[in-house]
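Inside the fold
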Amino acid sequence: MDSTTLWNHIESIREKSPLVHNIANFVVMNNTANALLATGASPIMAHAHSEIPEMVNICQASVINIGTLDEYWQQSMFLAADKASSLGKPFVVDPVGAGATSFRDQTLSELLNYRPTVVRGNASEIMALAKLNTTPTKGVDSTAESNEAIEAGLSINEAFGSVVCISGKTDIVLDGKKKVFLKNGHELMTKVTGLGCSATAIIGAFIAVIDNKLEAVSAAMSLMAVAGELAAKNADGPGSLQMHLLDKLHNLTAEEFSSLLKFSVE
Amino acid sequence: MDSTTLWNHIESIREKSPLVHNIANFVVMNNTANALLATGASPIMAHAHSEIPEMVNICQASVINIGTLDEYWQQSMFLAADKASSLGKPFVVDPVGAGATSFRDQTLSELLNYRPTVVRGNASEIMALAKLNTTPTKGVDSTAESNEAIEAGLSINEAFGSVVCISGKTDIVLDGKKKVFLKNGHELMTKVTGLGCSATAIIGAFIAVIDNKLEAVSAAMSLMAVAGELAAKNADGPGSLQMHLLDKLHNLTAEEFSSLLKFSVE
Amino acid sequence: MDSTTLWNHIESIREKSPLVHNIANFVVMNNTANALLATGASPIMAHAHSEIPEMVNICQASVINIGTLDEYWQQSMFLAADKASSLGKPFVVDPVGAGATSFRDQTLSELLNYRPTVVRGNASEIMALAKLNTTPTKGVDSTAESNEAIEAGLSINEAFGSVVCISGKTDIVLDGKKKVFLKNGHELMTKVTGLGCSATAIIGAFIAVIDNKLEAVSAAMSLMAVAGELAAKNADGPGSLQMHLLDKLHNLTAEEFSSLLKFSVE
């Protein structure tokens, strides 16, 4: 895996424009849909029990985000995971607020049993998922560094086969064999709501068309982090960062990407 | 219908500030509310079965958008359409993702029976609505050009009496007698989520106060397209386009409008 | 209460980063979450009956906004108010569209019985709440000036003990003993959806950590109004105002605040 491989994956999304089904949360539906469009994918949001199997079927990947779940949406998520699983379609789970309430944990526990292609969360969430969480979860923000969650990520990979992405100052993407460390991004990104959710949605686009899932997730996360880093340079605060990020996801060039990308593989 | 007529309609929204009821989808609630405010209208979003009849009654028009429908919201839409219909109040339907699932098609089929004042969709959606769709729907984006859907639009008009707006590179507005072709806009607008939904919401504001519905829809669509074209000129990507569009809906001048507007009537 | 006191409260949010639970409406979830983050707080949105008691328990304050309520969300709001009340945790109610429908009024009537720490609305809403509304409510926008609602605000304070904030051209914050008049802000702010809701969310952050609730609400409202005034100076319209506002909530300085703040206490 090198910079050119990752960039080629980014270009493939722009060319193939995969149709990505999202069960997103209410907070981020607009900016995740915009992130997918800016990346070159085609988003569709749908949660009705009456149409989820059909939606999963016509889409190339599904994104499940539990950010504002309730009992109805929980069932929507199970329906989507079940259908994706039975069709062999890739899907990614975003465990927003894992560990905050027992309802979230029960939901996530059942979702993991469908063996998600990818799980992406912050360190607190990944540790909560793996039941290794020693620091209390503080809402939806992480109180731990991403490298503290590597063991948790590995245990999730071992149990459910998922590629695990631990986002943070350094983003870590791992499967049972490799760990990818991505060191781009900017601290101001934590002051914009739902950029983690946008990353998860973008992962959905990449796993829709790229067979090597570790590469797919690494490409998605590196796009998000490099675009975010460039956006932050031109931002006066979180409002303008969100705007510049959508612009940059759309117009990022190979030169910008290769000159900024900082990553290593172990 | 000439440019001055259309501009006068745009000014009448700013002066009369109609109250517009919206059953919008979760993705676009924020930017459609902002689009209505920027245009000069006063939006209210409400979907509770317990209050829809009262809401429709106090508002001057209703907007029904099926983008993220479920079983509860489907009933909300039927309640709103029924009430608007029985009160003789105008309402517009946005058939997001028509043809994608049978649930959407069943919902739309019933909504059409309430004889919407206006239906606005892209070419794929309008063709799906008219059961003339020969190209498969790809999610919520159109795979067809707007002029391919004219026959479909005419059949909807004939069956349900609705003014039909087929949005695309050229926006087409038609009733049984005339066809209006609007040639403004910009390709980058397709990379911002929900601008079609914003157009539908703005149509809601125009049909609330303008008696000639073909003119009302044409004025709404020309406002959206000219403002979008100007916004795109100053945009670096889809993020800044959305921002500039809201600014421009608010501050567009008669001079900008008349110098840019490209339309014809057949 | 002087300018320095208010600024110190603003800084305390940045330092303490309170966790704020929100039952927000669909229109504003994104920008209220962003407003809380920009202010320095940590937002969490949750409405599931299955998790509300736990969420209220781990958060330091709750925000209840009825903007897009339905029967399920109404119960969510009652659960949150009940739990906050029984734990002695502060919560603020935003009576969006009070007076528009009987469903909203019934919901608000029951919410008031939980004795909210704060109620924030525009003049029409506050008057509707106090059953003193003589001008008909027009959707979610106010048709009255804030000073017309002082009597209504006082009656709510007397009946339920709440600090009442009447927002408008002049924002008025009152309890049974004092009235604070804040004269910042900009007219263009009324053309951006949900800035009142953002103010309410920010109030949630301030009552989470500041004991003197009149000061807490005054500090929150002065932050919002001063930041909005500065944002409007750089805005071309409502789109750029929203963006600049989030930037300014994040980077407002003591100097900017003290040089612009206009307020009086009676």
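Bear in mind the structure is a predicted one, so any value in this text is a computation, not a measurement. (Residues numbered from 1 in each chain as written. Chains lettered and ligands numbered in written order. Predicted model: local features only at pLDDT ≥ 70, side-chain atom pairs only at ≥ 80, totals over all residues. Heavy atoms only, no water.)

**So, the overall build of chain A**
Helices and strands together make up the secondary structure of chain A, namely 11 helices and nine strands. For 266 residues, the compact-globule estimate of 2.2 N^0.38 gives 18 Å, and chain A sits close to it at 17 Å. Principal-axis analysis of the C-alpha atoms gives chain A an extent of 45 × 40 × 35 Å. The buried share of chain A, reckoned over its 266 residues, is 67%. For chain A, long-range pairs separated by at least 24 residues make up 71% of all intrachain contacts whose partners lie at least 6 apart in sequence. (Helix = DSSP H or I, 4+ residues; strand = E, 2+ residues; numbered from the N terminus. Rg over C-alpha atoms; globule rule 2.2 N^0.38 Å. Buried < 20%, exposed > 50% of the residue type's maximum accessible area, 1.4 Å probe, protein only. Contact = heavy atoms within 4.5 Å.)

**Notes on the interface of chain A and chain B**
Each side of the interface is counted separately: chain A has 30 residues, and chain B has 29 residues. Both sides together, the interface formed by chain A and chain B hides about 2,400 Å², and carbon and sulfur atoms give 58% of it. Inspection of the chain A/chain B interface yields one salt bridge. For Arg104(B), the salt bridge identified is with Glu51(A), shortest N-O distance 2.8 Å. Scanning the region where chain A abuts chain B turns up 13 residue pairs in polar contact (both at pLDDT 80 or more). At the level of elements, helix H2 (29-39), strand E2 (42-45), helix H3 (52-58), helix H4 (71-87) and helix H10 (238-251) of chain A are the ones that each hand at least two residues to the side of chain A that touches chain B. Among the elements that take part in the side of chain A that touches chain B, H2(A) stands out by supplying six residues, more than any other. In the side of chain A that touches chain B, the residues fall into 17 nonpolar, nine polar and four charged. (Buried area = accessible area lost by both parts, 1.4 Å probe. Salt bridge = Lys/Arg side-chain N within 4 Å of Asp/Glu carboxyl O. Polar contact = N/O pair within 3.5 Å; in protein donor to acceptor, adjacent residues only side chain to side chain. Nonpolar A, V, L, I, M, F, W, Y, C, P; charged D, E, K, R; others polar.)

**What to know about the relation of the copies chain B and chain C**
With an RMSD of 0.0 Å, the fit of chain B onto chain C corresponds to turning through 120° and sliding 0.0 Å along the axis. Considering both components of the superposition, the chain copies are consistent with a three-fold axis. Taking C-alpha positions as reference, the residue of chain B nearest the rotation axis is Phe26(B), located at 3.7 Å. A share of only 7% of interface residues in chain B that are also interface residues in chain C marks the association as one of differing surfaces. (Least-squares fit on C-alpha atoms with pLDDT ≥ 70 in both.)

**A short note on the UniProt feature "binding site: substrate" (unreviewed entry) in chain A**
Mapped onto this numbering, the UniProt entry annotates "binding site: substrate" (unreviewed entry) at Met45(A) and Gly194(A). Along the chain, Met45(A) falls in strand E2. By relative accessible area, which is 6% here, Met45(A) ends up buried. With near-sequence residues (within four places) excluded, Met45(A) lies in contact with Asn22(A), Ala24(A), Met29(A), Thr32(A), Ala33(A), Val27(B), Gly67(B), Thr68(B) and Arg104(B). Position of Gly194(A) relative to the elements: it lies in the loop between strand E8 (179-182) and helix H8 (195-209). If sequence neighbours within four positions are ignored, Gly194(A) has contacts with Val28(A) and Asn31(A). (UniProt positions renumbered as here; feature names shortened; annotations may be inferred.)

**Looking at helix H1 (residues 3-16) of chain B**
Because an α-helix packs 3.6 residues into every turn, residues spaced three or four apart end up facing the same way. Residues and elements named next belong to chain B. Taking 1.5 Å per residue, 14 residues should reach 20 Å; H1 reaches 20 Å between its end C-alpha atoms and fits that length. Among all positions of H1, only Ser3, Leu6, Trp7, His9, Ile10, Ser12 and Ile13 are buried. One or two positions beyond H1, positive phi appears at Ser17, with a value near 45°. (Expected span 1.5 Å × (residues − 1).)

**Comments concerning the packing of helix H8 (residues 195-209) of chain C against helix H9 (residues 213-233) of chain C**
Residue and element names in this part refer to chain C. In contact at an axis separation of 8 Å, H8 and H9 are set at 140° when each is read in the N-to-C sense. Taken as axis vectors, H8 and H9 run oblique relative to one another. Classified by chirality, the crossing of H9 by H8 is right-handed. Every residue of H9 that contacts H8 at Leu195, Ser198, Ala199, Ile202, Ile203, Phe206 and Ile207 is listed here: Lys213, Ala216, Val217, Ala219, Ala220, Met221, Leu223 and Met224. (Axes fitted to C-alpha atoms, helices over the stretch in contact; angles between N-to-C directions. Parallel < 35°, antiparallel > 145°, perpendicular 65-115°, else oblique. Left-handed = near helix turned anticlockwise from the far one by under 90°.)

**Comments concerning the pairing of strand E3 (residues 61-65) of chain C**
In summary, the side chains of a regular strand alternate between the two faces of the sheet. Residues and elements named next belong to chain C. Within E3, five of the five residues are buried, leaving the element largely enclosed by the surrounding structure. Taking every second residue as pointing to the same face, both faces of E3 are buried, with Ala61, Val63 and Asn65 on one and Ser62 and Ile64 on the other. In this sheet, E3 lies alongside strand E1 (residues 19-23) in parallel orientation, the contact comprising four bridges. Within E3, the position partnered with Asn22 by the bridge is Val63. Taken together, the four bridges between E3 and strand E4 (residues 91-94) define a ladder with parallel strand orientation. Opposite Val63, over in E4, you have Val92 as the bridge partner. Assessed by its sense of winding, the connection that carries the chain from E3 through helix H4 (residues 71-87) to E4 is right-handed. (Pairing = 2+ DSSP bridges. Right-handed = clockwise from strand over helix to strand, strands pointing away.)

**A short note on the sheet that holds E1(C)**
Strands pair in a sheet through their backbones, by hydrogen bonds, and they do so in one of two ways: parallel or antiparallel. All names here are of chain C. Ordered in space as E2-E1-E3-E4-E5-E6-E7-E8-E9, the nine strands form an open sheet in which the pairing is mixed. Each having just a single partner strand, strand E2 (42-45) and strand E9 (263-265) make up the two edges of the open sheet. Mean inter-strand twist for the sheet, computed between neighbouring axes without regard to direction, equals 15°. Across five bridges, strand E5 (residues 118-122) lies against strand E6 (residues 163-167) in parallel orientation. Across the sheet, the residue bridging to Val118 is Val163, located in E6. The strands that H4 touches are E1, E3 and E4; relative to E1, the one it contacts most, it runs at about 145°. This element, H8, spans E1, E3, E4 and E5 of the sheet and lies at about 170° to E4.

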